[in-house]
Amino acid sequence: MSTTSSTIINLPDQRTATLPKRNYLNNEHGLLSWLLTGDHKRIAILYLISITFFFFIGGVFAGLIRLELLTPQPDLMASDTYNKMFSMHGIVMIFLFLVPSVPATLGNFLIPIMLGTRDLAFPKINLLSWYLYLAGGTFTLAALIFGGVDTGWTFTTPLSTHYLNTNVVTAATAIFIAGFSSIFTGLNFIVTIHRMRAPGMTWFRMPLFVWAHYAASVLMVLGTPVLAITIVLVALERTIGIGVFDPTKGGDPLLFQHLFWFYSHPAVYIMILPGMGVISEIVSTFSRKRVFGYTAVAFSSVAIALFGFFVWAHHMFIMGVSNYSALVFSLLTMLVAVPSAIKIFNWAFTLQKGSITFETPMLYAFAFFGLFTIGGMTGVFLGALGMDIHLTETYFIVAHFHYVMVGGMLMAFLGGIHFWWPKMTGRMYPESFSKLSAVTSFIGFNLTFMPQFILGYLGMPRRYHAYPAEYQVLNVLSTAGATVLGVGFLLPLLYLTWSLRYGAIAGNNPWQATGLEWQIQSPPLTENFIETPIVDHEAYDYEWLAHKTQQEVTTVG
Amino acid sequence: MDNAVVVTHPHTHETAVHEEHHHVALPQHRHHFETEEQQREAGTFGMWLFLLTEIMFFGGLFFAYLLYRNWYYDAFVSASNQLNVTLGAINTVILIGSGFFMALGVWAAEVRKRSLLVLFLVLTTVLGFAFLGIKYVEYHEKWEKHHIPGEHFDISEFVNPPIDAKTGKASEKPLAPDMAQKTQVFFSLYFAMTGMHAVHMIIGIVLLFWLTWRAYYGEFSSGYVAPIENFGLYWHFVDIVWLFLFPLLYLINRHPLK
Amino acid sequence: MSDAYHDPSNVTNPEHADHHIVTPLQYCMVFGALLIGTLVTVLAADIDLGVLNPVIALGIACTKAVIVILFFMHVKYQSKLIKMTVGAGFFTFIVLITMTLSDYMSRAWGLW
Ligand code: HEM
Ligand SMILES: [Cu+2]
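Residues numbered from 1 in each chain as written. Chains lettered and ligands numbered in written order. Predicted model: local features only at pLDDT ≥ 70, side-chain atom pairs only at ≥ 80, totals over all residues. Heavy atoms only, no water.

Q: How would you explain the overall build of chain A if you had to name every residue and give the values?
A: Along its length, chain A carries 18 helices and one strand. The principal-axis extent of the C-alpha atoms belonging to chain A is close to 80 × 45 × 45 Å. The buried share among the 557 residues of chain A stands at 65%. Here the contacts in chain A between residues at least 6 apart in sequence split such that 83% fall between residues at least 24 apart. For chain A, the accessible area works out to roughly 18600 Å², and carbon and sulfur atoms hold 70% of it. (Helix = DSSP H or I, 4+ residues; strand = E, 2+ residues; numbered from the N terminus. Buried < 20%, exposed > 50% of the residue type's maximum accessible area, 1.4 Å probe, protein only. Contact = heavy atoms within 4.5 Å. Areas by Shrake-Rupley, 256 points an atom, 1.4 Å probe, with all protein chains shown as cover.)

Printed below as a string of structure tokens:
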């Protein structure tokens, strides 16, 4: 195989690849070897299975919501059933899917390998966070089985503390526990990144994936406890009647909003930063170029994390916060869009003159660019004080955050899963099917959520199960899109499972990517590296890779 | 050879050789750390990150306190004066003492004195229990006075403060009924904050039992101090929270009618 | 080539600090200082100093907390990394307070 030193367009021949005899998957056998494992890769797989489970549960709720909204009349379910539907949808998708999605699966799997170490700093705590996640999930399911909650994912007081007789406390417990799961994941990442880097792995040689996770972890560690205490106070208010948020006793419901959004705005960055990390890796690999402006992209992650703590009141513009404060928060909100834009521009420049190929992960990355850009830009609309008064609590918001969370994070997650699937399982996914699913999701997604922008702009409020008849056309489009989208998400589940057995054998480095994880066998050994690697090159150094490949060819052949 | 990354490096390297004179390989050394030094520092750093989350956890409560104290200052004063300063001060001293013994415990582990370590851990635990005991007495008093927020909360004492036998004057400034209602906010915060603090103490005491047990069997007297050290950090953090709670809750304004 | 130098305990790295044992004597002094601080807090609360009362109470509490952090918790002898971590915690707490207060303080200023 001959390659010139500047570009490598030929992917390696996979027919000669073989599955390594010993790897982390077959190192030990039996269910217990999984349930008691300390191996970050196995924990990542456990997480992958459990979040997929909750993703489809959340998906069922989404389907039911869209079905109800097919017609203007409330015909499928009663109004409080509908309230439960969107509440459970939000709680499951945000706390049990999006927050752990990329960090707990791909991050867990890859960060130690990318840093050249054998495991995360605290393997037992890592396992503990999976169990906490499961406990949180169980409580959520319990809340569901005992009749659901209908507060919305935002637990707005005094609605949640006084006016509802649903399972608020159970759901609150679920979120409290799941919160600690994400705190421990973040803590583990931060310590690992500071303390466990291989020799020569300086901060500015780390892949951008690691930088993004570092920033997200900081948010998890500093933001989540505020949610925890807020939730505790809500639960205490409900159960024993203390009066911190209760206006009849002198409490201030807006204090709840402040504390809740102090976490939940940073949380939206917990939900997007890891995805941005994935995109950096994919874009570089499939344009065979170093990420343009590496330092800027790295620091923009940190900047997002920092600014993320200064903008939360943009969720409260119409709730009676002071005008002056709202003005400040509005300006700061505009600022936070800047680092996101920096990333988008840098990725675009990475593509420029790259040797681009369109494997599935790259298709997902392109979907991310388009959808995240629209989502982020509409976020800026919403951050503008005057505009927000008109658009808040309408479907415009719903469209905005689905563009960033589904169009951004979910696409990045799927792109990442496809990208690292060969590494995680040792087998390729079927390329044609996966391309089909990427395109299907993209089309389905836009069909679902683009009409919602228009609906919101026209004034259709969110969280109602009936609407005036003139909105029906757009709602039908949206429901139709949701069906397509559902197919787009089901397909990967099927063919990825299929590929576990029948997929082509991947080989060590099917994409000719430069990360440390691609230089070891797939699936990796339990201890990742036979010998501690010494890093003497920058991240995304394709010349180094070409050189290395050449040397291997000459020594082996 | 597939796993070799660029230049690889065997595990016996120069630094490991010089590590050897002051570090015996400990059984507690985890394989994924290069050295025990690295393991210890990772542990300390991890613990500090955890304490960061604790700062933010209590931070939410402290902000709530700050807000309502400014809004309902008079109610906060009257309600705060219902708390028993003597008990609060004694508890502060007890907690400082407990922290002191904990610090000595860390020292004992560092200089590898097993029985001293056990002694200090036991003293730490005993003072921890003493703190909780006094807290219980205080809570009980609140219960009897109907100062627990909720349905049975009683504001009459704040609207018509009892007359002081000696001076013949009201012992406290009477509050208008709507302001008196706000004492409930104070007590809500009082119970939330001291309650959260007490929960942390209880968790700490449980851990102390476990650590004392392990210390008794000599686990921490051979140079492996990390668990003691990290638990110490937690225990001191809980102390620090109390150092703020005490003046904020008990000493808002102790001289209203002077 | 200094990068290739294998440095497992990060000696060349500012994140590392040597292990330092604080002596019992130092602990006793800290203990004494904390007790004095407590005494002063209680006494100061009984004197009417107006706005200075909470300022003094908090000032003493902060001093005590700093002493505990520096000596009991060994931060004085820790690496820069740990010091910055502690700082980051308090920084975020300050952000929470100031940004939220920016709303509460200006609410009464009325409309434009
Ligand atoms: C790029 C910069 C962004 C800006 C300027 C922005 C701005 C905003 C604003 C102003 C709102 C409040 C609208 C309202 O309630 O009236 C909002 C809502 C929301 N945003 Fe964003 N956003 C951005 C990125 C993101 C990202 C990356 C995510 C998630 C991954 C996200 C998720 C959400 C969610 C979930 C809500 C709605 C919360 C609710 O009320 O249920 N946003 N955004
Ligand atoms: Cu936001």
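Q: If you had to explain the overall build of chain B to someone new, which residues and values would you point to?
A: Per the secondary structure count, chain B includes nine helices and one strand. Scanning chain B from its N terminus toward the C terminus, one meets helices and strands in the order β-α-α-α-α-α-α-α-α-α. Taken over 258 residues, chain B has a buried fraction of 62%. A sequence separation of at least 24 residues applies to 78% of the contacts in chain B between residues at least 6 apart. Carbon and sulfur atoms make up 65% of the accessible area of chain B, which totals about 10500 Å².

Q: Provide a residue-level description of the interface of chain C and chain A, including the pertinent values.
A: Taken together, the contact pairs 23 residues of chain C with 29 residues of chain A. For the pairing of chain C and chain A, the buried interface totals around 2300 Å² over both sides, and the portion due to carbon and sulfur atoms is 63%. Scanning the region where chain C abuts chain A turns up one salt bridge. In this structure, C:Arg107 engages A:Asp252 in a salt bridge whose closest nitrogen and oxygen atoms are separated by 3.8 Å. (Buried area = accessible area lost by both parts, 1.4 Å probe. Salt bridge = Lys/Arg side-chain N within 4 Å of Asp/Glu carboxyl O.)

Q: Which residues make up the nonpolar core, and what values do they have?
A: Core analysis: the biggest nonpolar cluster contains 299 residues, and A:Leu255 and B:Tyr68 have the highest contact counts within it. When residues of this core are assigned to their parent elements, the largest contribution, 20 residues, is made by helix 15 (residues 395-425) of chain A. Counting only domains with at least three residues in this core, you end up with domain 1 (21-73) and domain 2 (79-105) of chain C. Excluding its chain neighbours within four sequence positions, the residues that come into contact with B:Tyr68 are A:Val244, A:Gly250, A:Gly251, A:Asp252, A:Leu255, B:Tyr73, B:Phe76, B:Val185 and B:Leu189. (Core = buried A, V, L, I, M, F, W, Y, C linked by side-chain atoms within 4.5 Å. Domains from an automatic or database assignment.)

Q: I'd like to hear about helix 5 (residues 123-145) of chain A, residue by residue, with values.
A: Residues and elements named next belong to chain A. Taking 1.5 Å of rise per residue, 23 residues should cover 33 Å, and helix 5 covers 33 Å from first to last C-alpha, within 8% of that figure. Those residues of helix 5 not exposed but buried are Pro 123, Asn 126, Leu 127, Ser 129, Trp 130, Leu 132, Tyr 133, Gly 136, Gly 137, Thr 140, Ala 142 and Ala 143. Next to the buried residues of helix 5 lie helix 1 (31-35), helix 2 (40-68), helix 3 (79-98), helix 4 (101-115) and helix 7 (168-195). The first or second residue beyond helix 5 is Gly 147, which carries a positive phi of 125°. (Expected span 1.5 Å × (residues − 1).)

Q: Any details on the site of ligand 1? Residues and values, ideally.
A: Residue and element names in this part refer to chain A. Residues in contact with ligand 1 amount to 22 residues; listed here are only the nearest, Trp 153, Asp 388, Thr 392, His 400 and Arg 462. In this structure, Asp 388 approaches ligand 1 through a side-chain N or O atom, which is 2.5 Å from an oxygen atom. The side chain of Arg 462 places a nitrogen or oxygen atom 2.8 Å from an oxygen atom of ligand 1. With six residues, the single largest contributor to the shell around ligand 1 is helix 13 (residues 360-383). (Near = heavy atom within 4 Å. Polar contact = N/O pair within 3.5 Å; in protein donor to acceptor, adjacent residues only side chain to side chain.)

Q: Pulling in residues and values, what's your account of the packing of aromatic side chains?
A: By the definition in use, this model includes 81 aromatic pairs over all chains. Over the ring of A:Trp34 we find A:Arg42; its NZ or CZ atom is 4.2 Å from the centre of that ring. (Phe/Tyr/Trp six-rings, centres within 6.5 Å; stacked < 30°, edge-to-face > 60°. Lys NZ or Arg CZ within 6 Å of the ring centre and 35° of its normal.)

Q: Give me the coordination of the copper ion (ligand 2): which residues, what numbers.
A: Octahedral metals with six donors have ideal donor angles of 90 or 180 degrees. Tetrahedral metals with four donors have an ideal donor angle of 109.5 degrees. All names here are of chain A. Around the copper ion (ligand 2), the protein supplies His 265 (ND1), His 314 (NE2) and His 315 (NE2) as donor atoms, at distances of 1.9 to 2.1 Å. Donor residues for the copper ion (ligand 2), ordered by position in the chain, follow H-x48-H-H. Between the copper ion (ligand 2) and the iron atom of ligand 1, a spacing of 4.4 Å is present. With relative accessibility at 28%, the residue His 315 sits in the partly exposed group. (Donors = N, O, S within 2.8 Å, 3.2 Å for Na, K, Ca; no water.)

Q: Describe the environment of A:Asn165, and please don't skip the residues or the numbers.
A: Residue placement: A:Asn165 occurs in the loop between helix 6 (159-163) and helix 7. Residues A:Asn165 and A:Asp150 lie 15 residues apart in sequence; the distance between their C-alpha atoms is 9.1 Å.

Q: If you had to explain the pattern of salt bridges to someone new, which residues and values would you point to?
A: Scanning the model with the defined rule gives 12 salt bridges over all chains in all. A salt bridge links B:Lys135 to B:Glu138, with the shortest nitrogen-to-oxygen separation between them at 3.3 Å. Taken together, the residues span about one helical turn, with B:Lys135 and B:Glu138 both in helix 5 (residues 114-144) at a distance of three residues. Each member of the pair, B:Lys135 as well as B:Glu138, is classed as buried. Where salt bridges share partners, they join A:Asp252, C:Asp103 and C:Arg107 into one cluster.

Q: Give a description of the packing of helix 7 of chain A against helix 2 (residues 36-71) of chain B that names residues and reports values.
A: The relative placement of two packed helices comes down to the angle between their axes together with the axis-to-axis distance. Taken N-terminus to C-terminus, the directions of helix 7 of chain A and helix 2 of chain B make an angle of 140°; their axes are 10 Å apart at the nearest point. As far as their axial angle goes, helix 2 of chain B and helix 7 of chain A are oblique. Of the two possible hands of crossing, helix 7 of chain A and helix 2 of chain B adopt the one that is right-handed. Here helix 7 of chain A contributes A:Phe176, A:Ile183, A:Phe184, A:Leu187, A:Ile190, A:Val191, A:His194 and A:Arg195 to the contact with helix 2 of chain B, which in turn contributes B:Gln38, B:Glu41, B:Ala42, B:Phe45, B:Gly46, B:Leu49, B:Phe50, B:Thr53 and B:Phe57. Here the residues of the contact of helix 7 of chain A with helix 2 of chain B sort into 11 nonpolar, four polar and two charged. (Axes fitted to C-alpha atoms, helices over the stretch in contact; angles between N-to-C directions. Parallel < 35°, antiparallel > 145°, perpendicular 65-115°, else oblique. Left-handed = near helix turned anticlockwise from the far one by under 90°. Nonpolar A, V, L, I, M, F, W, Y, C, P; charged D, E, K, R; others polar.)

Q: Please provide a residue-by-residue account of the coordination of the iron atom of ligand 1, values included.
A: Exactly one donor from the protein chain reaches the iron atom of ligand 1: A:His400 (NE2), at 2.1 Å. Topologically, A:His400 is positioned in helix 15.

Q: Tell me about the interface of chain B and chain C, and name the residues and values.
A: Listed per partner, the contact involves 53 residues of chain B and 54 residues of chain C. Buried area between chain B and chain C, both sides added, is near 4600 Å², and the carbon and sulfur share of it is 78%. At the junction of chain B with chain C, the criterion picks out zero salt bridges. Where chain B packs against chain C, one counts zero residue pairs in polar contact (both at pLDDT 80 or more). Elements represented by at least two residues in the side of chain B that touches chain C include exactly helix 1 (14-19), helix 2, helix 4 (85-110) and helix 9 (226-250) of chain B. At 20 residues, helix 2 of chain B tops the list of elements feeding residues into the side of chain B that touches chain C.

Q: I'd like a rundown of helix 9 of chain B, residues and numbers included.
A: The first and last C-alpha atoms of helix 9 of chain B sit 36 Å apart over 25 residues, in line with the 36 Å expected at 1.5 Å per residue. Of all 25 residues making up helix 9 of chain B, 25 are buried, and the element is well covered by its neighbours.

Q: Could you give an account of the packing of helix 3 (residues 73-81) of chain B against helix 8 (residues 183-216) of chain B, naming the residues involved and the relevant values?
A: Residue and element names in this part refer to chain B. Running from N to C, helix 3 and helix 8 cross one another at 55°; their axes reach a closest spacing of 8 Å. In terms of their interaxial angle, helix 3 and helix 8 are classed as oblique. Handedness of the helix 3/helix 8 crossing: right-handed. Residue-level contacts link Ala 75, Phe 76, Ala 79 and Ser 80 of helix 3 to Thr 183, Val 185, Phe 186, Phe 187 and Leu 189 of helix 8.

Q: Describe a nonpolar patch on the surface, naming the residues involved and giving the relevant values.
A: Residue and element names in this part refer to chain C. Among the surface-exposed residues, Ile 47, Leu 49, Val 51, Leu 52 and Val 55 lie close enough to one another that they form a single nonpolar patch of about 460 Å² accessible area. Mapped onto the elements of the fold, Ile 47 is located in the loop between helix 1 (24-45) and helix 2 (52-72). Looking at Ile 47, the relative accessible area reads 47%, which means it is partly exposed. (Patch = residues over 30% accessible without salt bridge, like charges linked within 9 Å, V, L, I, M, F, W, Y side chains within 5 Å.)

Q: An account of the confidence of the model for chain B is requested, with residue identities and associated values reported.
A: Residue and element names in this part refer to chain B. When pLDDT is averaged across chain B, the result is 85; 87% of the residues are at 70 or more. Across residues 1-24 the pLDDT falls below 50, and counting only partners more than four positions away or on other chains, this stretch makes 43 contacts in the model. Confidence metrics for the complex model read pTM 0.92 and ipTM 0.91. (pLDDT = per-residue confidence, 0-100.)

Q: Residue-level account of the side chain of C:Thr100, with values.
A: Structurally, the position occupied by C:Thr100 is in helix 3 (residues 80-106). Overall, the relative accessible area of 1% leaves C:Thr100 in the buried class. Filtering out sequence-adjacent residues up to four positions away, C:Thr100 remains in contact with A:His258, A:Trp312, B:Phe63 and C:Val95.

Q: For the side chain of A:Asp150, give the residues involved together with the corresponding values.
A: All names here are of chain A. Among the secondary structure elements, Asp 150 is positioned in the loop between helix 5 and helix 6. For the buried residue Asp 150, which engages in no salt bridge, the nearest side chain bearing the opposite charge is Lys 84, 5.7 Å off. Among the polar contacts listed, one links the side chain of Asp 150 to the side chain of Thr 166, at a separation of 2.9 Å. Residues in contact with Asp 150, not counting those within four places in the same chain, are Asp 80, Asn 83, Lys 84, Ser 87, Leu 164 and Thr 166. (Lys, Arg positive; Asp, Glu negative; His and termini not counted.)

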